[in-house]
Amino acid sequence: MRIFVTGATGGIGSAVVRELIEAGHQVVGLARSDNSAAALTAAGAEVHRGSLDDLDSLHSGATAADGVIHLAFNNDFIDYASAVAADLRAVEAMGAALVGSGKPFVITSGTLMVMPGRMATEEDPGLAGLPRVEAENAALELAKCGVRSAVVRLAPCVHDADRQGFASLLIGLARDKGVSAYIGDGSNRWPAVHRLDAAHLFRLAVESAPAGSRLHGVGEEGIRFRDIAAAIGSHLNLAVVSISREEADKHFGWFAQVVSTDNPTSSALTQERLGWRPDGPTLIADIEQAQ
Ligand SMILES: NC(=O)c1ccc[n+]([C@@H]2O[C@H](COP(=O)([O-])OP(=O)(O)OC[C@H]3O[C@@H](n4cnc5c(N)ncnc54)[C@H](OP(=O)(O)O)[C@@H]3O)[C@@H](O)[C@H]2O)c1
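Keep in mind that this is a model prediction, so the values were computed, not measured. Each chain has its residues counted from 1, following the order in which its sequence is written. Per-residue local features of the predicted model are confined to residues with pLDDT of at least 70, and side-chain atom pairs are confined, for both listing and counting, to 80 or more; whole-chain, interface and lining totals are unaffected and use all residues.

1. Things to note about the domain arrangement of the protein
Just so you know, the domain bounds were taken from an automatic or database domain assignment. When the domains of the protein are assigned, the result is domain 1 (2-158 + 193-219 + 265-281) and domain 2 (165-190 + 222-262). If you average the C-alpha positions of domain 1 and of domain 2, the two centres end up 28 Å apart. We call two residues in contact whenever the C-beta atoms placed from their backbones are within 7 Å. Residue-level contacts link seven residues of domain 1 with eight residues of domain 2. In this count, Pro and Cys sit with the nonpolar residues alongside Ala, Val, Leu, Ile, Met, Phe, Trp and Tyr, while Asp, Glu, Lys and Arg are called charged and the others, Gly among them, polar. For the side of domain 1 that touches domain 2, the class distribution of residues is six nonpolar, one polar and no charged.

Here it is in structure tokens:
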């Protein structure tokens, strides 16, 4: 297949590009700068110039492809609402280009978009009001209009030895504060997935996910937060401390809500439907390698 990939130069997207090319697909990557275009060419992909804010570029990229994987997202968290709105517009623009085509359209969301506090499954809809749920729902609706759409919800820590997703933020914060903290007894859980397992899942999804499926990019269902904090403390040689929910806002800032979330998430249905078997190193093993 000739697959249009947005976010193809990102941490996850670059692994997806490699995975697709190695499996014999052609990749056309969205590039908003000369640097990104050069990186794509070096990776063996074609370049489609444009950006998330240039909806015509997204429409034409999707129209010319046999399938689309959408990973681009402005991850700087400074203006998250704008990033979420841009993501929704991008999903709508590419979705409109694919209506009636039967082509696959795989978009990206997160496991944090479901009900916390119990094991989430692929059957769980996104919780209304949470950031990326509108984009999830827009993509899933496209299944009724002749698009083989699927949503991949990624764990908050997509990791390898170089980058650990949200755990990288925790590592930076622990360095700044001089302690590695968890909230209360730290028994809340975060799922995780290795970057190469996630890339493999995106390939399987674009090749064969049924229309309208929610897929969970989760290799480890729920790692206790205090174990993550302990691994960071041990790796950085810092004290590991419990803080109260009240202290958490000051310590973690905007991130406190995510840090306190209990987000155990199953990928059993994803594994069964697609034959996906995540087997990469664990998050704790990759934290031990972190720079
Ligand atoms: N990493 C994780 O642990 C994690 C966890 C859950 C969900 N996710 C989601 O997974 C997806 C990929 O994440 P990632 O970690 O690979 O992100 P990343 O490393 O920050 O890469 C972001 C990608 O999006 C592109 N991009 C950003 N803004 C753009 C714009 N306005 N126009 C065009 N391209 C733009 C970037 O292009 P440039 O090369 O031009 O900058 C880059 O290719 C995102 O949707 C993210 O929210 C990630």
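2. Let's talk about the sheet that holds strand S2 (residues 26-31)
Strand pairing follows a simple DSSP-based rule, namely that at least 2 bridges must link the two strands. Labels follow the DSSP assignment, with helices taken as runs of H or I lasting at least four residues and strands as runs of E lasting at least two, numbered in each case from the N terminus. If you walk across this open sheet you meet the seven strands as S3-S2-S1-S4-S5-S6-S10, and the pairing is parallel. Of all strands in the sheet, those bounded by a partner on one side alone are strand S3 (46-49) and strand S10 (213-217). When the angles between neighbouring strand axes are averaged without regard to direction, this sheet yields 25 degrees. Axis definition: a line fitted to C-alpha atoms, limited for helices to the stretch in contact. Angles are taken between N-to-C directions and run from 0 to 180 degrees.

3. Some thoughts on the site of the ligand
To decide whether a residue is near a molecule or strand, its C-beta atom is placed from the backbone and checked for lying within 6 Å of it. Around the ligand, 26 residues are found, and the nearest of them are Gly10, Ile12, Phe73, Val158 and Gly165. The set of elements that each furnish at least two residues to the shell around the ligand consists of helix H1 (11-22), strand S5 (104-110) and strand S7 (157-159). A breakdown of the residues in the shell around the ligand according to their chemical character gives 11 nonpolar, 13 polar and two charged.

4. Observations regarding helix H7 (residues 195-208)
The terminal C-alpha atoms of H7, which comprises 14 residues, lie 20 Å apart, in line with the 20 Å expected from a rise of 1.5 Å per residue. Counted residue by residue, H7 has 11 buried out of 14 residues, so it is predominantly covered. Three classes are used. A residue is buried when 20 or more other C-beta atoms lie within 10 Å of its own, exposed when 12 or fewer do, and partly exposed in between, with C-beta atoms placed from the backbone. Listing the buried residues of H7 in full gives Arg195, Asp197, Ala198, Ala199, His200, Leu201, Phe202, Arg203, Leu204, Ala205 and Val206. To estimate the expected span of a helix, count its residues, drop one, and scale the result by 1.5 Å.

5. Looking at the sheet that holds strand S11 (residues 220-224)
Here we have three strands laid out as an open sheet, ordered S7-S9-S11, and mixed in their pairing. The sheet is open, and its two edges are formed by S7 and S11, each paired on a single side. Sheet twist, expressed as the average angle between the axes of neighbouring strands with direction ignored, equals 40 degrees. Pairing of S7 with strand S9 (residues 189-194) involves three bridges; the strand directions are parallel. Looking at S9, one finds that cysteine 157 is bridged to alanine 192.

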